[in-house]
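Architecture and fold: a report
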Amino acid sequence: MEQKIHQGRNVKRFREMLGIKQEALAFDLGNDWNQKKISILEQKDVIEDNLLKQISNILNIPVEAFQNFDEEQAINIISNTFGDNACVANPNSTFNFNSVEELKKLHEEKIALFERMLKEKDEMMARIEKLINK
């Protein structure tokens, strides 16, 4: 018995995993779209290729993911692969995470970004003042 991939359900799953609301997807698709149309779209078994490509570009997910992902198969593979005592990693492994250093690095990157943004703002203000004073 062949199981069909439900493309609309896959769009919904990926959209929800990304934390994107139906209204936001509708807005990105254009003026003819609204939340209700997205809801109807997510109920369709098969979605037109050109529309699927648009959604793929918006969500930044390959078209093949919508066309080939089958949640039931994925769950079946996972449940048959891992038993009750299964361990993905070596149980004797040691993981060294230096979260404080990572946080410092991220903070420094954020400060550098803000400084670049402030510099760009100052340059833009200077250009605007030049234009005003002409």
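These remarks concern the structure in this document. Because the structure is a prediction, the values reported are computed rather than measured. (Residues numbered from 1 in each chain as written. Predicted model: local features only at pLDDT ≥ 70, side-chain atom pairs only at ≥ 80, totals over all residues. Heavy atoms only, no water.)

**Concerning the overall build of the protein chain**
- Along its length, the protein chain carries seven helices and zero strands.
- The linear arrangement of helices and strands in the protein chain, starting from the amino end, is α-α-α-α-α-α-α.
- Just so you have it, the protein chain exposes about 11200 Å², and 53% of that area is on carbon and sulfur atoms. (Helix = DSSP H or I, 4+ residues; strand = E, 2+ residues; numbered from the N terminus. Areas by Shrake-Rupley, 256 points an atom, 1.4 Å probe, with all protein chains shown as cover.)

**Thoughts on the side chain of Asn10**
- Its location among the elements puts Asn10 in helix α1 (residues 7-17).
- According to the relative accessible area criterion, Asn10 is buried, its value standing at 1%.
- With residues near it in sequence (within four places) discarded, Asn10 still touches Ile5, Ala65, Phe66 and Phe69. (Buried < 20%, exposed > 50% of the residue type's maximum accessible area, 1.4 Å probe, protein only. Contact = heavy atoms within 4.5 Å.)

**Details of the pattern of salt bridges**
- According to the stated counting rule, one finds five salt bridges in the structure shown.
- With a closest N to O distance of 3.9 Å, Arg15 and Glu16 form a salt bridge.
- For Arg15, a relative accessible area of 5% gives the class buried.
- The class for Glu16 is partly exposed, based on a relative accessible area of 45%.
- With a closest N to O distance of 2.6 Å, Arg15 and Glu42 form a salt bridge. Taken together, the positions of Arg15 in helix α1 and Glu42 in the loop between α3 (35-41) and α4 (49-59) put the pair 27 residues apart, joining distant regions of the chain.
- A residue is classified by how much of its surface remains accessible, and Glu42, at 6% relative accessible area, is buried.
- Through salt bridges with shared partners, one network takes in Arg15, Glu16 and Glu42. (Salt bridge = Lys/Arg side-chain N within 4 Å of Asp/Glu carboxyl O.)

**Regarding the side chain of Gln22**
- Inspection of the secondary structure assignment puts Gln22 in helix α2 (residues 22-29).
- For Gln22, the contacting residues outside a window of four places in its chain are Arg15, Gln35, Ile38, Ser39 and Glu42.

**Some points on the packing of α2 against α4**
- One way to put it is that α2 packs onto α4 with a least axis distance of 10 Å and a crossing angle of 115°. With respect to their mutual orientation, α2 and α4 come out roughly perpendicular. Where α2 crosses over α4, the handedness of that crossing is right-handed. Every residue of α4 that contacts α2 at Leu25, Asp28 and Leu29 is listed here: Leu51, Gln54, Ile55, Ile58 and Leu59. (Axes fitted to C-alpha atoms, helices over the stretch in contact; angles between N-to-C directions. Parallel < 35°, antiparallel > 145°, perpendicular 65-115°, else oblique. Left-handed = near helix turned anticlockwise from the far one by under 90°.)

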